[in-house]
2 protein chains.
Amino acid sequence: MEETEKKEQGGRKTGMNGEQCQSLLKWLGETSLFAGMPDAHLQELCGIAMVVSYKRRALIFSAGDPGSGFYLVMEGRVKVYMISSDGKEQILHILGPGEPFGEAPVFAGRSFPAHAVALDDCRLVFLPREAFVELVTANPSLALNLLAVLSQRLRQFAKMVDSLSLKEVPGRLAAHLLYLSAKQADKDVLELDLSKTQLASLLGTIPETLSRILSKLQRAGYIRIAGAKVTIVDRERLEELAEVGRF
Amino acid sequence: MEETEKKEQGGRKTGMNGEQCQSLLKWLGETSLFAGMPDAHLQELCGIAMVVSYKRRALIFSAGDPGSGFYLVMEGRVKVYMISSDGKEQILHILGPGEPFGEAPVFAGRSFPAHAVALDDCRLVFLPREAFVELVTANPSLALNLLAVLSQRLRQFAKMVDSLSLKEVPGRLAAHLLYLSAKQADKDVLELDLSKTQLASLLGTIPETLSRILSKLQRAGYIRIAGAKVTIVDRERLEELAEVGRF
DNA sequence: GGTTATCTTTGACTTAAGTCAACCGGGACT
DNA sequence: AGTCCCGGTTGACTTAAGTCAAAGATAACC
């Protein structure tokens, strides 16, 4: 195994032999961002891509850092967040395998607007800006995929602003539980994929408040809580709550 | 003057003769979205574009409406906003001449996530989705411009989430005043371009609260208020306030 | 120009959610 | 096993900001 290792930003960049490049190529092609791209272009992409590893809790970038490219999650989860001057954090996204992050500075602004850390031990693909922009220029369908991703994210943000400004915490929580429910197999038994502290930060509140509201919802018979497992008892009312935003 | 008028969505679509098309073409070319595009493509664009007029307060689209295309502001201002079930509104953007809006459904989701109304009597350019997507496919540099616009907007949203979640109203207000200051000629005397009620909605609060905080800031010697004119007295402290987010 | 309607300000009150502090319980490590 | 530490929960308290109501100030309209 010929591996070149370089320390940089706390991540370990890993060089590739032909075989590894092949598997990376295959993986990239399955990614929603690059789905449907001709192999020739994927090949080029592989040429500029770097696989980087980050350990759990490692900082990937900070707000204000110059963004010389963006990332794609291969393994693990990444948290993108903002911090207030007194240390409170607001999570903007949690990203899992296949999802890109840090794209904004590639096309506008040149620096990251937020921070990113690894929530688990992670493997990421790093795509340097210049090479990537060239590729986009040469390949309009790639641009369309990207536009779709950014548009989707814009929608999420709009929802988030709506939620933060127009709903109380119980409403946001209800909406989040239903969101989890919608994307899981067992529709009624949810496994919280984040610690409650992190969930609080995602919902724009603090652990104490989240804790209180979870028990309030349990007492009211909307849900049942058992550690990180939440069971939806009364979906109707939960939907109503997510809708009106107030308990 | 040969004008074809059609009522639709409360807007008046206006057909064009050759001369009008020429001026539209020129205008489009000066827009940041289409800057640098070859005339041939602008010509095509003109072919699919429609100029639409909306009177002040007219609804342009509602959340959930199928988005068959997007808009570009020629004259006037447009407000894009969300409404809670009990009627409180949160403004997402205020758009002026040259700025596009309603692009999200073109590339993802197919329906508008928010509402839009005309704040003034407006003239807008409407670009239908299908024709536009074709054009983007044919013209990668157009895609890059679009990516820049969406990325920029993503940044704005991130800031907004940060602001709503991590700052108190005084902090948000201070940040907004400094933002206005940065984009005006006379750096210290600001003309509020929105009614205070609308400004409250943009800052994620209500008129009463905004009013109180404006006078609080005046009393504290940060600013001076005279109707819609706000003078920055102590920029240093205002910056500090915008930074820490709390008074 | 005067009447209406809308916007703005101010006051008294309520409330959701944050702060501070104590405590519990389960790993992890020695 | 025992200690330490971190995550979660609970209680008492504070506070920013929302609600309700009324009165002034602007701006709009006939």
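Note that residues are indexed from 1 along each chain, following the sequence as it is written. As a convention, the first chain written is A and the first ligand written is 1, with the rest following in written order. Totals for whole chains, interfaces and linings use every residue, but because this is a predicted model, local features are given only for residues with pLDDT of at least 70 and side-chain atom pairs only at 80 or more, for both listing and counting. Only hydrogens and water are set aside; all other atoms, that is, all heavy atoms of the structure, feed into the side-chain values.

## With respect to the overall build of chain A
Counting from the N terminus, the helices are the DSSP runs of H or I reaching at least four residues and the strands are the DSSP runs of E reaching at least two. Tallying secondary structure elements over chain A gives 9 helices and 13 strands in all. For chain A, the spread of C-alpha atoms along the principal axes amounts to about 60 × 35 × 35 Å. Here chain A holds 247 residues, and the buried ones make up 53% of them. Pairs of residues are marked as contacts when any of their non-hydrogen atoms sit within 4.5 Å. Sequence separation of at least 24 residues holds for 70% of the intrachain contacts in chain A that already meet a minimum separation of 6. In this tally, Asp and Glu contribute negative charge and Lys and Arg positive charge; neither His nor the terminal groups of the chain are included. All charge positions are set by atom: Lys at NZ, Arg at CZ, Asp at CG, Glu at CD. Within chain A, the 30 negative side-chain charges are centred at a point lying 7 Å from the centre of the 30 positive side-chain charges. Relative accessibility thresholds used throughout: buried, under 20% of the residue-type maximum; exposed, over 50%; partly exposed, between the two (1.4 Å probe, protein chains only).

## Comments concerning the protein's contact with DNA strand C
In the vicinity of DNA strand C lie 16 residues, with Val169(A), Thr205(A), Arg212(A), Lys196(B) and Thr197(B) positioned nearest. Considering the 4 Å shell around the protein, atoms of DNA strand C inside it are sugar or phosphate in 62% of instances. Residue Thr205(A) places a side-chain N or O atom 2.4 Å away from a phosphate oxygen belonging to DNA strand C. Of all the secondary structure elements, the ones that give two or more residues to the surface near DNA strand C are helix H6 (169–182) and helix H8 (207–219) of chain A together with helix H7 (196–202) and helix H8 (207–219) of chain B. Among the elements that make up the surface near DNA strand C, the one with the highest residue count is H8(B) (4 residues). In this classification, the charged set is Asp, Glu, Lys and Arg, the nonpolar set is Ala, Val, Leu, Ile, Met, Phe, Trp, Tyr, Cys and Pro, and all remaining amino acids, among them Gly, are polar. Split into classes, the residues belonging to the surface near DNA strand C amount to 3 nonpolar, 7 polar and 6 charged. It suffices for a single heavy atom of a residue to lie within 4 Å of a molecule or strand for the residue to be listed as near it. Nitrogen and oxygen atoms within 3.5 Å of one another constitute a polar contact, given that in protein one can donate a hydrogen and the other can accept it, and given that sequence-neighbouring residues count only through two side-chain atoms.

## Things to note about the packing of aromatic side chains
All names here are of chain A. Here the aromatic set is Phe, Tyr and Trp, taking the six-membered ring for Trp, and pairing holds for ring centres within 6.5 Å; pairs whose planes are under 30 degrees apart are stacked, those over 60 apart are edge-to-face, and all others are tilted. Throughout the structure, instances matching the rule amount to 17 aromatic pairs over all chains. Clustering of aromatic rings is evident, with ring pairs tying together Phe-61, Tyr-71, Phe-101, Phe-112 and Phe-126. The aromatic ring of Tyr-81 is capped on one face by Lys-79, whose charged end is 5.0 Å from the ring centroid. Should the NZ of a Lys or the CZ of an Arg lie within 6 Å of a ring centre and within 35 degrees of the ring normal, that charge is described as sitting over the ring.

## Considerations on the interface of chain A and chain B
With 47 residues of chain A at the contact, the number on the chain B side is 47 residues. Summed over both partners, the accessible area lost on bringing two parts together, with a 1.4 Å probe, is the buried area. Across the chain A to chain B interface the summed buried area is about 3,700 Å²; carbon plus sulfur atoms make up 74%. It is Leu147(A), Leu154(A) and Arg155(A) that lose the most area in chain A upon contact with chain B, and together they represent 18% of the buried surface on that side. The term salt bridge refers to a pairing of a side-chain nitrogen on Lys or Arg with a carboxyl oxygen on Asp or Glu at a separation within 4 Å. In this assembly, chain A and chain B are joined by 0 salt bridges.

## Comments concerning the relation of the copies chain A and chain B
Here the second copy of the chain follows from the first by a rotation about an axis and a shift along it. Overlaid copies result from least-squares superposition on C-alpha atoms, with residues included only where pLDDT is at least 70 in both. Under the fitted operation, chain A is carried onto chain B by 0.0 Å of movement along the axis and a turn of 180°, and the coordinates agree to an RMSD of 0.0 Å. Such values leave the two copies arranged in the relation of a two-fold axis. Most of the interface of chain A is mirrored in chain B: 100% of its interface residues are interface residues there too.

## Examining unusual backbone geometry
Leaving glycine out, the prevailing phi sign among residues is negative, and the prevailing peptide bond configuration is trans. All names here are of chain B. One non-glycine residue, Arg-57, lies in positive phi territory at about 75°. Among the residues examined, Arg-57 registers a relative accessible area of 66% and is labelled exposed. Phi at Arg-110 is positive, roughly 65°, even though this residue is not glycine. Within the secondary structure layout, Arg-110 lies in the loop between helix H3 (104–107) and strand S9 (115–118). Overall, the relative accessible area of 44% leaves Arg-110 in the partly exposed class.

## Looking at the domain arrangement of chain A
Residues and elements named next belong to chain A. Split by domain assignment, chain A resolves into domain 1 (7–163) and domain 2 (167–244). Domain limits in this description derive from either an automatic procedure or a database domain assignment. If you average the C-alpha positions of domain 1 and of domain 2, the two centres end up 29 Å apart. In this assembly, 11 residues from domain 1 lie in contact with 10 residues from domain 2. Both faces combined, the contact of domain 1 with domain 2 buries some 880 Å², and carbon together with sulfur accounts for 45% of it.

## Side note on the sheet that holds strand S7 (residues 89–95) of chain A
Should DSSP find at least two bridges between two strands, the strands are taken to pair. With antiparallel pairing, 4 strands are arranged side by side in an open sheet as S4-S9-S6-S7 (chain A). The open sheet has two edge strands, strand S4 (59–61) and S7 of chain A, and neither has a second partner. Neighbour to neighbour, the strand axes of the sheet diverge by 30° on average, direction disregarded. Strand direction decides the pairing type here: strand S6 (residues 78–83) of chain A and S7(A), joined by 6 bridges, are antiparallel. Residue pairing across strands places Ile83(A) opposite Glu89(A), the latter belonging to S7(A). The axes used here are C-alpha line fits, helices contributing only the stretch in contact, and every angle between their N-to-C directions lies in the interval 0 to 180 degrees. This element, helix H5 (residues 140–166) of chain B, spans S6 and S7 of chain A of the sheet and lies at about 135° to S7(A).

## With respect to the protein's contact with DNA strand D
Around DNA strand D, a shell composed of 16 residues is seen, among which Lys196(A), Thr197(A), Val169(B), Thr205(B) and Arg212(B) lie nearest. Sugar and phosphate atoms constitute 65% of the interface atoms of DNA strand D, taking the interface as everything within 4 Å of the protein. Within the backbone of Val169(B), an N or O atom sits 2.7 Å from a phosphate oxygen of DNA strand D. Here Thr209(B) contributes a side-chain N or O atom positioned 3.0 Å from a phosphate oxygen of DNA strand D. Only helix H7 (196–202) and H8 of chain A together with helix H6 (169–182) and H8 of chain B provide two or more residues apiece to the surface near DNA strand D. Of the residues forming the surface near DNA strand D, the biggest block, 4 residues, is contributed by H8(A). Classifying every residue of the surface near DNA strand D gives 3 nonpolar, 7 polar and 6 charged.

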